[in-house]
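This is what each chain is made of:
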Amino acid sequence: GNGFNPESVRVELNGPSCAPCTISNGVLSTKTATQVVAPVTLNNGGTFTVQVRNGAAGPLSNSEPLTITANPSISSISPTSVGAGVFNETINGSNFDPATVGVVINGPSCAACTIPNGALTTKTSSQVVAPVTLGNTGSFTFRVRNGSSGTLSNSQTLTVNAVVINNISPTSRGTGSFNLTINGN
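Basis of the calculations
Residues numbered from 1 in each chain as written. Predicted model: local features only at pLDDT ≥ 70, side-chain atom pairs only at ≥ 80, totals over all residues. Heavy atoms only, no water. Helix = DSSP H or I, 4+ residues; strand = E, 2+ residues; numbered from the N terminus. Rg over C-alpha atoms; globule rule 2.2 N^0.38 Å. Buried < 20%, exposed > 50% of the residue type's maximum accessible area, 1.4 Å probe, protein only. Disulfide = S-S within 2.5 Å. Salt bridge = Lys/Arg side-chain N within 4 Å of Asp/Glu carboxyl O. Core = buried A, V, L, I, M, F, W, Y, C linked by side-chain atoms within 4.5 Å. Contact = heavy atoms within 4.5 Å. Polar contact = N/O pair within 3.5 Å; in protein donor to acceptor, adjacent residues only side chain to side chain.

### Section: the overall build of the protein
So, point 1. Each helix and strand in the protein was counted, giving 0 helices and 17 strands.
So, point 2. Taking 16 Å as the expected radius of gyration for a compact globule of 185 residues, we find that the protein reaches 27 Å, considerably beyond that expectation.
So, point 3. Considered along the principal axes of its C-alpha atoms, the protein spans approximately 95 × 25 × 25 Å.
So, point 4. In the protein, buried positions account for 24% of the 185 residues.

Next up, the structure:
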């Protein structure tokens, strides 16, 4: 733009939970007649309008739109406890981009393991289903991200337990056909 007064220019944002939010002259990192650089933190997704004004009472400039995409967030996973092996993990939440969302897993011998978008069996804005193979026991954190370099979501924990046989029946038998019952935990 142009016409900015480096001594008094300020930035005003209007949008979700910000009506208006003002960035004062004192915190602007660059202030020239043609450019202003403002530190901005927006925690809500949506469309914002950006305007500047010289001084607190000066007229507002024209506006330019700024679109903020909300970060993905996980509300739950299912299951939360499994035996080691192969299973499907359902991840529920919000702000998943079905075209780019991927799953990131961290845990024993898995730092960080990724399940790319193309391998996911369900992809919506609020749910993904990931085919998972975990052979190690322990706690694993699941996160999602939109795109390969997007912001990681919050995490949810999955516990992988060892597969254990408690007992079998019968424990002794003659040759021939029979049913073997295997009990586990």
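### Digging into the state of the cysteines
So, point 1. A complete count under the given rule lists 2 disulfides for this structure.
So, point 2. Here C18 is linked by a disulfide to C21, with a sulfur-sulfur distance of 1.8 Å.
So, point 3. Judged by its relative accessible area of 3%, C18 is buried.
So, point 4. Disulfides within the protein link the bonded cysteines, taken in sequence order, as 1-2, 3-4.

### Let's talk about the pattern of salt bridges
So, point 1. Per the stated rule, a full pass over the model turns up 2 salt bridges.
So, point 2. R10 is the partner of E12 in a salt bridge, and the nearest nitrogen-oxygen pair spans 3.7 Å.
So, point 3. For E12, a relative accessible area of 7% puts it in the buried group.
So, point 4. The partner of E12 in a salt bridge is R53, with the nearest N and O atoms 2.9 Å apart. Within this pair, whereas E12 is found in strand β1 (residues 9-15), its partner R53 is found in strand β5 (residues 46-54), the two being separated by 41 residues in sequence. Accessibility assignment for this pair places E12 and R53 in one class, buried.
So, point 5. Each of R10, E12 and R53 takes part in one network of salt bridges that share partners.

### Here's the deal with unusual backbone geometry
So, point 1. With omega at -15°, the peptide bond leading from A19 into P20 counts as cis.
So, point 2. Mapped onto the fold, P20 is located in strand β2 (residues 18-23).
So, point 3. For the bond from S78 to P79, the omega torsion is 5°, close enough to zero to count as cis.
So, point 4. Residue position: P79 is located in the loop between β7 (73-78) and β8 (81-83).
So, point 5. One non-glycine residue, S17, adopts positive backbone phi at about 60°.
So, point 6. A residue is classified by how much of its surface remains accessible, and S17, at 67% relative accessible area, is exposed.
So, point 7. The phi torsion at N95 lies on the positive side, around 65°, for a residue other than glycine.
So, point 8. Position of N95 relative to the elements: it lies in the loop between β9 (85-94) and β10 (101-107).

### Considerations on the nonpolar core
So, point 1. Of all hydrophobic cores here, the largest spans 21 residues; its most connected members are I91, V103 and F142.
So, point 2. Of all the secondary structure elements, the ones that give two or more residues to this core are β7, β9, β10, β11 (110-115), β13 (127-134), β14 (138-146) and β15 (156-161).
So, point 3. In terms of residue count, β13 provides more of this core than any other element does, 4 residues in total.
So, point 4. With sequence-adjacent residues up to four places away left out, I91 is seen in contact with I74, S76, I77, F96, V103, S126, Q127, V128, F142 and V144.
So, point 5. F4, L13, L28 and V52 belong to the second-largest nonpolar core, a separate cluster that totals 9 residues.

### Focus on the side chain of Q51
So, point 1. Assignment of secondary structure puts Q51 in strand β5.
So, point 2. A polar contact of 2.8 Å, which involves the side chain of Q51, links it to the backbone oxygen of S61.
So, point 3. Once residues within four sequence positions are removed from consideration, Q51 is found in contact with R10, V11, E12, N14, L60, S61, N62 and S63.

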